[in-house]
Structures are given as C-alpha cells and as structure tokens.
Amino acid sequence: MSEQNRLGVFKTYKLYVGGKFPRSESGRVYEVTDSKGQWLANAPQSSRKDARDAVVAARKAFGGWSGATAYNRGQVLYRVAEMLEGRKEQFVREVAASEGLSKSKAAAVVDAAIDRWVWYAGWTDKIGQISGGANPVAGPFYNLSTPEPTGVVAVLAPQKSSLLGLVSVIAPVIATGNTAVVIASADAPLPALSLGEVLATSDVPGGVVNILSGATAELAAPLAAHQDVNAIDLTGAGAELAKELEIAAADNLKRVLRPQPAEADGSDASTDWLAAPGTHRLTAFLETKTVWHPTGALGASGSSY
C-alpha cells in the first residue's frame, strides 16, 4: 500500500500512575492544540480521584526509593537520560508543536532537557556533602546533620516550558529520594505524558513519578489539602492560585516552594530554563536530621567505654 493511501495511526495519550498507563477515572479527554490552534491530540482530563490514586502510588513507592543508595538513584536518573536520547526525534516533534518552536530550537531544548537529567544524576550522591556535615559542639559528643527526603511532593509543572521546565522540576525532587505527583502543563501536556513512557521503560520504580494532565487548578486543590502529601512545588501556578494553595498546604505544614518572581503569573514565559539550575531545588524538599553521639571519653577522670 502506498504511503499516501495508508491510514494514519494516532497516538492515544494516557496518564502515568503507579508505573501503569490508566485512562482518567472520569473518562474525559480534552483537545490539545498547537500554537496555531490546530488539533494535536486528545489528552486525559484527570479527576480528583486520579490525583488521590497518584498520591497512594507515590506513598507506596517512597520507602523503596528513599531507601535506595544515592549512587543507585544517580544510575537510574542517568538511565532516563539514555532513554530520552533514544527517543529524541519524537520529543523534538512534540516540543516544536507544543511550544511553537522551529525544529532546530526544539532540538536545542530537548538536548538541554537530556543534559539536565544527567546533571541532576550527578548530584544524587553529592548533595549530602553540601547540605549536611559535622557540627562543632561544646561537649564530649559527635554532632552530625544529614539530609533526608521530605516524602511525597506535588509538583505543578511550568505551563510554557513543556519539557525542559518539566524536567527541571521533576529531576531534583526524585534525585533526593522523594516521590512525585506531577500536574503537567494544561495547554502543552504531550511531552509530559510521553515522558511517562520513558520513565516506564527505564529503571525508575513504578510510583516514584506519577504524571497527570488536565486543569491545573482542579487537580492542585486536592493535592494541596491532601494530608499524605508532604510538600508542594507551585511553579506552574498563577499568583492567585498559588496563594490559595499555600493556605491549603498549611493545614499539615507542607513544605512549599513558591514560584520565582518571573513565574508569578503562572506563565513562566520569562523564566530562563536554559540557565544553570543551581542546587536550590535539590535542597527545597530535604529535611535535616541531627544525631548526637557521645565520644569515648566520659568525665574528668578520663574513663571510657
């Protein structure tokens, strides 16, 4: 059969929850269009039930992921970069269509996203050295502070940077041993949903990253109020929505990462995601555990045990 007579096979995009690809519990979808308003695909319209299911999956995965060695997590993140590299052409097409970029600019964005995964992969076994250490104390004690992951983190992905911005907010969360429930860009969710396919075929355990698509405000509200969510990243929220979510998050003392001034309108259009990310997103969702331990010598007599 000639190519021009061949029936095209359209991709069915699904959510990524608990290592599986369910359709939305609501049964709803919504149309995703390109920068010119042309139809690209139907994306799942996630419900509050989907958000709660994602939290359950993230909590179930937290013990194993946080208990893995930092070196092992680095290997897993690097594997994600390998898988992205192998599917680069697909992501270039999706980013170009979603963000209205030329093919060359979209390729540069995808390359930067892959490099960003590698960069965070290298930090997994090093972040403890800059966020912890031995503390000088007056007394016969060792006093050590070490970072530990916060837990389940809800992440509102950037609205305009559909892949590089997405990677920039997901990778640091899981690099430090947390698990994530991610709300993809409402207008450009396709690269995020395709990223779920990459995660599923890499070594990331199911439930470590869960990706939802749909209305950001509708999904963020139950996550901000959820008692089993330990932290929330408000990058993809507008100023008014961010304020509402921060109030809801206070109920169980969630850690909150507020949008940067350039992100305050929720558009993140002026945020330079290509800039060096620094370590602030790595440390945003870490707790510090301090341990006191007596030294061998006890008292003026010099006795020891």
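These numbers come from a predicted model, not from an experiment.

Asker: For this particular structure, what's the right way to read the packing of aromatic side chains?
Answerer: A full pass over the atoms with the stated rule returns four aromatic pairs. Their ring planes at 35 degrees and their centres at 5.2 Å tell us that tyrosine 16 and phenylalanine 21 sit as a pair that is tilted. Judged by its relative accessible area of 3%, tyrosine 16 is buried. Phenylalanine 21 sits in the partly exposed class, given a relative accessible area of 34%. Ring centres of tryptophan 119 and tyrosine 120 lie 5.0 Å apart, and the angle between their planes is 85 degrees; this geometry places the pair in the edge-to-face category. According to the relative accessible area criterion, tryptophan 119 is partly exposed, its value standing at 33%. Taking relative accessible area as the criterion, tyrosine 120 reaches 1% and is therefore assigned buried. Three or more aromatic residues joined by ring pairs make a cluster, and in this case those are Trp119, Tyr120 and Trp123. Here arginine 59 stacks its cationic end above the ring of phenylalanine 62, 5.7 Å away from the centre of that ring.

Asker: Quick question: what am I supposed to make of the sheet that holds strand 3 (residues 133-134) here?
Answerer: Hydrogen bonds between backbone atoms are what pair the strands of a sheet, whose relative direction is either parallel or antiparallel. As summarised here, the arrangement of the three strands in space is 3-4-10, forming an open sheet in which the pairing is antiparallel. Two strands close off the open sheet at either side, each with one partner strand: strand 3 and strand 10 (286-294). Of the strand pairs in this sheet, strand 4 (residues 141-149) and strand 10 are connected by nine bridges, and their pairing is antiparallel. What sits directly across from proline 147, in strand 10, is threonine 288.

Asker: I tried to follow the pairing of strand 7 (residues 209-212) on my own but got confused; where do I start?
Answerer: The side chains of a regular strand alternate between both faces of the sheet. Residues Val209 and Ile211 of strand 7 are buried on one face, and the alternating residues Asn210 and Leu212, pointing to the opposite face, are buried as well. Here strand 6 (residues 179-183) pairs with strand 7 via four bridges, running parallel. By the bridge assignment, alanine 180 is partnered in strand 7 with valine 209. Between the parallel elements strand 6 and strand 7, the chain passes through helix 7 (residues 190-200) in a crossover that is right-handed.

Asker: Even after reading the chapter, I still don't get the environment of alanine 41, so can you show me in this structure?
Answerer: When you line up the elements, alanine 41 lands in strand 2 (residues 39-44). A relative accessible area of 3% places alanine 41 in the buried class. Spatially, the C-alpha atom of alanine 41 lies 8.5 Å from that of tyrosine 30, the residues being eleven residues apart in sequence.

Asker: Where do I start with the nonpolar core in this structure?
Answerer: If you look at soluble globular proteins, the nonpolar side chains tend to sit buried side by side. Grouped together as the largest cluster of nonpolar side chains are 61 residues, with contacts concentrated most on Trp117, Val182 and Ile211. Discounting residues that sit within four places of it in the chain, tryptophan 117 has contacts with Leu77, Val80, Ala81, Leu84, Val167, Ile170, Ala171, Ile174 and Leu195. Formed by 25 residues, the second largest nonpolar core is a distinct cluster that contains Leu223, Val229, Leu234 and Ala237.

Parameters and conventions
Residues numbered from 1 in each chain as written. Predicted model: local features only at pLDDT ≥ 70, side-chain atom pairs only at ≥ 80, totals over all residues. Heavy atoms only, no water. Phe/Tyr/Trp six-rings, centres within 6.5 Å; stacked < 30°, edge-to-face > 60°. Buried < 20%, exposed > 50% of the residue type's maximum accessible area, 1.4 Å probe, protein only. Lys NZ or Arg CZ within 6 Å of the ring centre and 35° of its normal. Pairing = 2+ DSSP bridges. Helix = DSSP H or I, 4+ residues; strand = E, 2+ residues; numbered from the N terminus. Right-handed = clockwise from strand over helix to strand, strands pointing away. Core = buried A, V, L, I, M, F, W, Y, C linked by side-chain atoms within 4.5 Å. Contact = heavy atoms within 4.5 Å.

On their own, these measurements won't tell you what the molecule is for.
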